[in-house]
Structures are given as structure tokens and as C-alpha cells.
Amino acid sequence: MNKTIRRASVFALLLVFALLIRATWVQFYEGQALADDKGNRRNAIETYAEPLGNIIVAGKAITGSAVTSDGDLRYKRTYTDGELYAAVTGYASQSYAPTQLEGIYANLLNGTDIRLKTALDTVTNKRADPGDVLTTIDPAVQKAAYTALGDKKGAAVAIDPKTGQILAVVSTPSYDPSSLTDANTAGTAWTKLNADSDKPLTNRALRQPLAPGSTFKLVVAAAALEDGLYSSVDEKTDSVAPYTLPGTERVLRNENTSAPCTNATIRVALQYSCNNVFAHMAVQLGQDKLKAMAEKFGFNDDSQDMPVRAYPSVYPSDMDASSTALTGIGQFDVTATPLQMAMVSAAIANGGELVSPHMVAQITDSGGDVLKDYDDEASTTRIVSAGTAEQLRSAMQTVVEKGTGTNALIDGVTVGGKTGTAQNGENNSKAPYAWFTSYGTSATGKQVAVAVVVEQSDAARSEVSGNGLAAPVARAMMKAALK
């Protein structure tokens, strides 16, 4: 009888304990669900009751926390060189949902991340110490891109081809995230920024795909070499000039009508950016092979996280031969972000292998202990053979040394690149914009891959070119990265 009573007592105690634990966890998760409503005052009070963790660039915090006059919202986010790094950090606001790294790592930075909570913290729902985000950004490359773009509307990305580390992410015009942090003033700033026709809140580097123009010819050339359509970049192609789009009477001409584009080799076709060669090559390969190659480089990937989600770059499907021809010169419905075109150059520079791009190296707890190491987790994918990559690098060097990309030349550095211009607006009604994607290799073997797009400038329509507008920006970035 005594054993039965004891067993019943133990069972009752266990049952009570289990119910208490369940109630605690239910309360915790319901609280999390409520707190996760970014518009909820309670969530804002909890987030800004104490200083936030920081976003780090090259060992220095580019974010901070300052005391406010609001009794509930005790702290607000602050930024050092906010406009320079806005495309990286995004903003953390007392009034609006956080964006970019501030949004991805909000719970780490404000100390509510479950990974930072002890068992006691969980039961008491006590806020843990915030953690930090250590980026891969190189401040010299970031500043070089931002300064070179100046007051132009555009974007730039730089990647270390060997590691996948993103060294720069710049979008212009930019904005100061500090203007959105304080609940008392954020509304006015928000209204002004959203009314700006230049859309400074748009991250053009990651989240605004545009027609890549002739920079996409690198993807077409890669497909032709990998498929065996042509054995090398120095084999003559079957290419008449000018080229009539299949099934139409529309004649596709080359910008430089005196360029030697008839039956030009891939090297010469890249050097002079011959439209006839790559439009016909696209038709010869067919849309399926081109799409397959584009997707190997990263096109049509709707889950491209680095760790911020980038908008997918697109190679279309279900086209007729005429439209397929236009995709060969980066037109029709082909779109790409600067991130994507930097990935193309990075893979070519790295012997045909693409290391997954990422702009966070590590996240740490308040004591500096590493919670996750993104550098160690970077994956490597074979895009094209080493031989194809070598041939493309050689042809890209010709573009810079004596072709359309001479403004990217750097003394003592091996530079390969590809220019591009593309039309925008309905029926190409707006001024064209300029592209340049390239790689640079120093005498010591250090590498960088970049992509730049300039959407708008004061230049006359006839003066818009990848070499004139985008290549100087790329050059400044490569010099900073390879110093």
C-alpha cells in the first residue's frame, strides 16, 4: 500500500511538473508570436529596452545604440557612415520592420534569439545578451564603389572568387538609415524616401534585376564552348553580319559597323561585342542549352540567400527563334542583378568553380564565441571546365587590353572584363544603361570579381557605354581590393 501511494505521489508530482513546463512553453511561444508582430508596441519596447548587438566591418562596429528621450523606447539604433553601408545593413527602426542584415539577424542583435537563451532565460522569458554580425565587407572596396558611382543611379558588387566572400555591396542613390530609427521622426523620413522617384530604399545591387545586355555574352560563350559548338575562343564562327532575326525581317546590327564581326571568333566577338555572332550562336545552341548554362551560373534561382535574399535573375523559357536570338545579347526577357553578373565573372576567374557568395563571415554571442561560421560552410560548384574558364579569361583580357573595356586597365594587374549596354522602358523608350563585369588578378595571385550597372547619368544617349560609365567604377573597386 505504501509503495502504491509513493508511486501515485511521484506520478502526481511529475504530472504537475509537466503541466507547469507545458504552460511555460505555451506562454513563451505565444509571447514570441505576439512579439514577432513588428508593428506591435510591446515588441518595440522589448527590442529597444537595451542596446542592440552590432554589425561589424573589418573589426569595427558600423552600428551602435543611443539613449532616447522616450521612456518606453529607451534606445535607438545609430549608424556610422550610414549611407555608405545602407545596402549592407538595411535599417532597424522603432516604427518599421527591419531590413537587410538588420532584419535577417534581428533576434540575434536584440537578444531574443533562442540560441542565446539558457534554460533559465527560456523559463523566465528573460532577454539574453545580444550577439554580433561579422560581415565580409572590405571597407576600402565599399568606399571605392560608393565614391566612383557618385551621384549616378546604379549599383556595384565585388566578390572574392576563391572564398565567395562579398567585399562590397553598393546601391546609389543611398539613404541614411539613422533617419528611420527614431519613432518620433521616422514617419516623416519614411514618407520622403518612398516619394523619391529615384527609389533610394531599393537595393539595386541585390534586388533590382535589369537586362544585362552584352555582359550576358559571357554565358553564351561558355555554353558554346562547353557544348562543343566551337572548340576554342579562336575558332571562327559561322556568323553573317548584319544578322536577320529568324522568322522576321528585323536586322540586328552591330554598334561598331566597321568591326570585323563576320564569322568572327569568340575572342574577336567579345572584343568588339559583335551582336550578330552571339545572337546566331544562341539560335544554334537553342534556348534549352542556354537556359541550362545560365542556371548553372545562378539564373532562375528564387532562393539565392547570401544571407539576404536576392531577387532571381531570369533566363526565360518558351521562346521562338527570334526571341532566343535576342537573349544571346542579353535582351528580350533576360534579367540580372549586379550580384549575378559578379558571380559569372567570379566563376570564370576561379577556374570554372563558383564558391557560394556570402556577406556574413560569422555570427557571435556577446562573449565573442562563434555561433555560426559562414566561411566554413561556403559550398563550391563546378560551372564550366577549367579549360573553358581559361579560354574565357583570355578572351576577357583581350576585351580590356584592346577592346571595348580599356577603361578597366590597371598597371601590374591582369584584368579581364565585358562591357554591356541595354535599353529600358517600353519599346526601349528610355535612355540605355551601362554594364561592366570583370575580374582582376594581382601579381601575387589575389583575385576579385566585380559587376557594375549605371542606370542613369548626365551623358548623352549616344555616349552611354559600359566602358565609359561602368568600367571606371569597376577599376576603382578592383584597385582597392588588390592593393
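All of the points below concern the structure found in this document. All chains use their own residue numbering, which begins from 1 and follows the written sequence. pLDDT decides what is reported in this predicted model: residues at 70 or higher carry local features, side-chain atom pairs at 80 or more are listed and counted, and totals for whole chains, interfaces and linings draw on all residues regardless. Water and hydrogen atoms were dropped before computing side-chain values, which therefore reflect all heavy atoms in the structure.

## Focus: the overall build of the protein
When helices and strands are counted, the protein shows 18 helices and 16 strands. Think of it in three bands: residues with accessible area under 20% of the maximum for their type are buried, residues over 50% are exposed, and the middle band is partly exposed, with areas taken using a 1.4 Å probe on protein chains only. Out of the 483 residues belonging to the protein, those deemed buried represent 52%. Sequence-distant contacts, at least 24 apart, represent 68% of the contacts inside the protein between residues at least 6 apart. Surface accessibility in these figures is a Shrake-Rupley result with a 1.4 Å probe; residues are shielded only by whichever protein chains are displayed. Of the roughly 20,800 Å² of accessible surface on the protein, a fraction of 49% belongs to carbon and sulfur atoms. Going along the chain from the N terminus, every DSSP run of H or I of four or more residues is numbered as a helix, and every run of E of two or more is numbered as a strand. Any two residues whose heavy atoms approach within 4.5 Å are treated as being in contact.

## Section: the state of the cysteines
Disulfides are defined in this document as cysteine sulfur pairs within 2.5 Å. Going through the model one piece at a time under the given rule, you end up with one disulfide. What pairs with cysteine 261 in a disulfide is cysteine 274, and their sulfur atoms sit 2.0 Å apart. Of note, the bridge from cysteine 261 to cysteine 274 carries an S-S torsion of about -75 degrees and is left-handed in sense. Linking cysteine 261 in the loop between β9 (251-252) and α11 (266-271) with cysteine 274 in the loop between α11 and α12 (275-285), this pair joins segments that are 13 residues apart in sequence. As far as the burial class goes, cysteine 261 and cysteine 274 line up, both buried.

## What to know about the side chain of threonine 421
Here threonine 421 lies in strand β14 (residues 414-424). Polar contacts involving the side chain of threonine 421 include one to the side chain of glutamate 255, which spans 3.2 Å. Two N or O atoms count as a polar contact when they lie within 3.5 Å, although within protein this holds only if one can serve as hydrogen donor and the other as acceptor, and sequence-adjacent residues are included solely when both atoms are side-chain atoms.

## Quick look at the sheet that holds strand β2 (residues 60-61)
Strand pairing in a sheet relies on backbone hydrogen bonds. The paired strands run either parallel or antiparallel. Read across the sheet, five strands follow the order β2-β1-β5-β11-β12 without closing on themselves; strand pairing throughout is mixed. The open sheet terminates on both sides in strands that have one partner only, identified here as β2 and β12 (370-373). When DSSP finds two or more bridges between two strands, those strands count as paired. Note that strand β11 (residues 360-364) and β12 share three bridges and pair antiparallel. Bridged to threonine 364 within β12 is valine 370.

## Thoughts on the side chain of threonine 419
With respect to the secondary-structure elements, threonine 419 resides in strand β14. Classification of threonine 419 as buried rests on a relative accessible area of 7%. A polar contact of 2.7 Å, which involves the side chain of threonine 419, links it to the side chain of threonine 404. At a separation of 3.5 Å, a polar atom in the side chain of threonine 419 contacts the side chain of lysine 418. Among residues more than four places away in sequence, those in contact with threonine 419 are Ser214, Thr215, Thr404, Gly405, Trp435, Phe436, Gly466 and Asn467.

## Comments concerning the packing of aromatic side chains
Stacked, edge-to-face and tilted labels apply to pairs of Phe, Tyr and Trp rings (six-membered ring for Trp) whose centres lie within 6.5 Å, assigned for plane angles under 30 degrees, over 60, and everything in between, in that order. According to the stated counting rule, one finds six aromatic pairs in the structure shown. Ring geometry for tyrosine 105 and tyrosine 374: centres 6.5 Å apart, planes at 75 degrees, overall edge-to-face. Of the two residues, tyrosine 105 is situated in the loop between α4 (100-104) and α5 (106-109) and tyrosine 374 in helix α16 (residues 374-377); the sequence distance between them amounts to 269 residues. Residue classification places tyrosine 105 among the buried positions, given a relative accessible area of 5%. An angle of 15 degrees between the planes, with centres 5.9 Å apart, marks the rings of phenylalanine 216 and tyrosine 315 as stacked. Taken together, the residues phenylalanine 216 in the loop between α9 (204-207) and α10 (217-227) and tyrosine 315 in the loop between α13 (287-297) and α14 (321-327) connect sequence positions 99 residues apart. For phenylalanine 216, a relative accessible area of 0% puts it in the buried group. Looking at tyrosine 315, the relative accessible area reads 1%, which means it is buried. Put simply, the rings of Tyr91, Tyr96, Tyr175 and Trp190 pair up and form one aromatic cluster. Over the ring of tyrosine 374 we find lysine 372, and its NZ or CZ is 5.4 Å from the ring centre. Criterion for a charge above a ring: Lys NZ or Arg CZ within 6 Å of the ring centre, and within 35 degrees of the ring normal.

## Notes on helix α15 (residues 338-349)
Residue pairs three or four apart in sequence face the same way in an α-helix, which turns once every 3.6 residues. Helices are assigned an expected span. That span is 1.5 Å times one less than the residue count. Compared with an ideal rise of 1.5 Å per residue, which puts 12 residues at 16 Å, α15 spans 16 Å between its outermost C-alpha atoms and is within 8% of the ideal. For α15, a buried count of 12 out of 12 residues is recorded, marking the element as mostly surrounded by other parts of the structure. Those residues of α15 that sit buried are Pro338, Leu339, Gln340, Met341, Ala342, Met343, Val344, Ser345, Ala346, Ala347, Ile348 and Ala349. Just downstream of α15 lies glycine 351, where phi reads positive at about 70 degrees.

## A word on the packing of helix α3 (residues 82-89) against helix α7 (residues 139-149)
Relative to each other, α3 and α7 sit at 110 degrees, their axes nearing to 10 Å. Accordingly, the angle class assigned to the pair α3 and α7 is roughly perpendicular. Contacts between α3 and α7 pair Glu83, Leu84, Tyr85 and Val88 from the former with Pro139, Gln142, Lys143 and Tyr146 from the latter. Axis definition: a line fit to C-alpha positions, over the contact stretch in the case of helices; interaxial angles, taken between N-to-C directions, run 0 to 180 degrees. Convention used here: angles under 35 degrees read as roughly parallel, angles over 145 as roughly antiparallel, angles from 65 to 115 as roughly perpendicular, and any remaining angle as oblique.

## Comments concerning the pattern of salt bridges
By definition, a salt bridge exists where a carboxyl oxygen of Asp or Glu is found within 4 Å of a side-chain nitrogen of Lys or Arg. Taken as a whole, this structure holds nine salt bridges when the rule is applied. We note a salt bridge from aspartate 182 to lysine 76, for which the minimum N-O separation is 3.7 Å. One end of the pair, aspartate 182, is in the loop between β7 (166-172) and α8 (186-195); the other, lysine 76, is in strand β4 (residues 75-79), and 106 residues separate them in sequence. Residue glutamate 455 is joined to arginine 204 by a salt bridge in which the shortest nitrogen-to-oxygen separation is 2.9 Å. Here glutamate 455, found in strand β16 (residues 447-456), pairs with arginine 204, found in helix α9; they are 251 residues apart in sequence, far enough to count as distant. Relative accessible area serves as the criterion here: at 3%, arginine 204 is assigned to the buried category.

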